[in-house]
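# Understanding the architecture of this molecule
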Amino acid sequence: GALSWRHPLVRSAIYHAAGAPARRGAHAALARAGGEARLPDHRAWHLAAAAAAPDESVAAELDQVAVEAARRGAPSTALRAFAQAAMLSPGEAERARREIAAAELALAVGRLDEALELLDGARTRGDDPRLRAHGERIRARVEMLRGSPQATHDLRFAIADAAAVID
């Protein structure tokens, strides 16, 4: 009932020598194993690694992992979970929401380029004006930290103009 490795490098060598389908199969088996009750986030990560295509149920589990990680003060883990959940989201609106959540966390941990990449992706998805405004507010904060006060000023006014229609 247990699997152990003599050395972590052996485990790593076997894992990386396997093809993508075999690795996905191993992750699916680990997710199904049921021994993850004490560590439910492990199940979500294994399901994500096993996914060959976007899957909302897996994305939703990772979303919960992200929320819990943020709650307990682990922003890097929450960022990684939201970003992975976004990639696994089949719907554009949910993907945009998760990318913006990840971007906000990337800003919080000082990964400004990553925040902009996530915001660029979210900008092309979804049509919720409140979500777009939230993403642009994050973009303005990133620009300010990058030393672009004029870009920040211009973004803030554009956000206010867009938000005037809905709020």
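Structure first, text after, so check above.
The structure presented is a predicted model; accordingly, all values stated were derived computationally and were not measured. (Residues numbered from 1 in each chain as written. Predicted model: local features only at pLDDT ≥ 70, side-chain atom pairs only at ≥ 80, totals over all residues. Heavy atoms only, no water.)

### Considerations on the overall build of the chain
A tally of regular secondary structure across the chain gives nine helices and zero strands. In the chain, the succession of helices and strands from N to C terminus is α-α-α-α-α-α-α-α-α. Its C-alpha atoms give the chain principal-axis dimensions of about 60 × 30 × 30 Å. The buried share of the chain, taken over its 167 residues, is 34%. Residue pairs in contact within the chain that sit at least 24 positions apart in sequence constitute 47% of those at least 6 positions apart. A total accessible area of about 9,900 Å² is found for the chain, and carbon and sulfur atoms account for 56% of it. Here the chain contributes 23 positive and 22 negative side-chain charges, whose respective centroids are spaced 8 Å apart. (Helix = DSSP H or I, 4+ residues; strand = E, 2+ residues; numbered from the N terminus. Buried < 20%, exposed > 50% of the residue type's maximum accessible area, 1.4 Å probe, protein only. Contact = heavy atoms within 4.5 Å. Areas by Shrake-Rupley, 256 points an atom, 1.4 Å probe, with all protein chains shown as cover. Lys, Arg positive; Asp, Glu negative; His and termini not counted. Charge placed at Lys NZ, Arg CZ, Asp CG, Glu CD.)

### Notes on the packing of aromatic side chains
The final tally for this structure, using the stated rule, is zero aromatic pairs. The positively charged end of R23 is found above the aromatic ring belonging to Y15, 5.6 Å away from the centroid. Directly above the ring of W45 sits R80, whose terminal nitrogen or CZ lies 4.0 Å from the centroid. (Phe/Tyr/Trp six-rings, centres within 6.5 Å; stacked < 30°, edge-to-face > 60°. Lys NZ or Arg CZ within 6 Å of the ring centre and 35° of its normal.)

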